[in-house]
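Here is how the chains run, residue by residue.
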Amino acid sequence: AETDSAGNGQEALDRFLQSPAGHYDLILMDIQMPVMDGYTAVRRIRESDRSDAGTVRIIAMTANAFAEDIAKAREAGMNGHLAKPIDIHTFMQTLRQIQ
């Protein structure tokens, strides 16, 4: 797997928008980031006119693991939710569920 990282939500949005369509298979989006939070970044990705904006898989990564946090991630346009610290078995199960 090839990975890429962003230091904040705005940078994550910019990297997605500046890459060719289909470049990213999966985005692991931290929720609490400086400059732009993960919810806003995902909403902007989903609202963009890119051909893959509605289909790229995006998983929230956050220490907030209550039912309302999961619902908020879904409402923002995320396909899944992972609570930190990340458990590899839960991560793999989440990947299988969103494919």
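Residues numbered from 1 in each chain as written. Predicted model: local features only at pLDDT ≥ 70, side-chain atom pairs only at ≥ 80, totals over all residues. Heavy atoms only, no water.

### Observations regarding the packing of helix α2 (residues 38-47) against helix α3 (residues 67-76)
Contact geometry for α2 and α3: axes closest at 8 Å, N-to-C directions at 30 degrees. In this view, α2 runs roughly parallel relative to α3, as classed from their interaxial angle. Between α2 and α3, the residues in contact are Y39, V42, R43 and R46 and D69, K72, A73 and A76, respectively. Looking at the contact of α2 with α3, its residues break down into 4 nonpolar, no polar and 4 charged. (Axes fitted to C-alpha atoms, helices over the stretch in contact; angles between N-to-C directions. Helix = DSSP H or I, 4+ residues; strand = E, 2+ residues; numbered from the N terminus. Parallel < 35°, antiparallel > 145°, perpendicular 65-115°, else oblique. Contact = heavy atoms within 4.5 Å. Nonpolar A, V, L, I, M, F, W, Y, C, P; charged D, E, K, R; others polar.)

### Here's the deal with the pairing of strand β3 (residues 80-83)
In this sheet, β3 lies alongside strand β2 (residues 57-62) in parallel orientation, the contact comprising 4 bridges. By the bridge assignment, I59 is partnered in β3 with G80. Between the parallel pair β2 and β3, the chain is carried across by α3, and the sense of this crossover is right-handed. (Pairing = 2+ DSSP bridges. Right-handed = clockwise from strand over helix to strand, strands pointing away.)

### So, the nonpolar core
One recurring pattern in soluble globular proteins: nonpolar side chains tend to sit buried together. Judged by nonpolar contacts, the single largest core of 19 residues is most densely connected at I27, M29, I45, V56, I58 and M78. Only α1 (9-18), β1 (26-30), α2, β2 and α3 provide two or more residues apiece to this core. Broken down by element, this core gets its largest block of residues, 4 residues, from α2. Those residues within four positions of I58 in sequence are excluded, and the remaining contacts are I27, M29, V42, I45, R46, M78, N79 and G80. Among the nonpolar cores identified, the runner-up in size contains 5 residues, and I59, F91, L95 and I98 belong to it. (Core = buried A, V, L, I, M, F, W, Y, C linked by side-chain atoms within 4.5 Å. Buried < 20%, exposed > 50% of the residue type's maximum accessible area, 1.4 Å probe, protein only.)

### Details of the packing of aromatic side chains
For the structure on display, the rule yields 1 aromatic pair. Lying over the aromatic face of F16, R50 brings its terminal NZ or CZ to 4.1 Å of the ring centre. (Phe/Tyr/Trp six-rings, centres within 6.5 Å; stacked < 30°, edge-to-face > 60°. Lys NZ or Arg CZ within 6 Å of the ring centre and 35° of its normal.)

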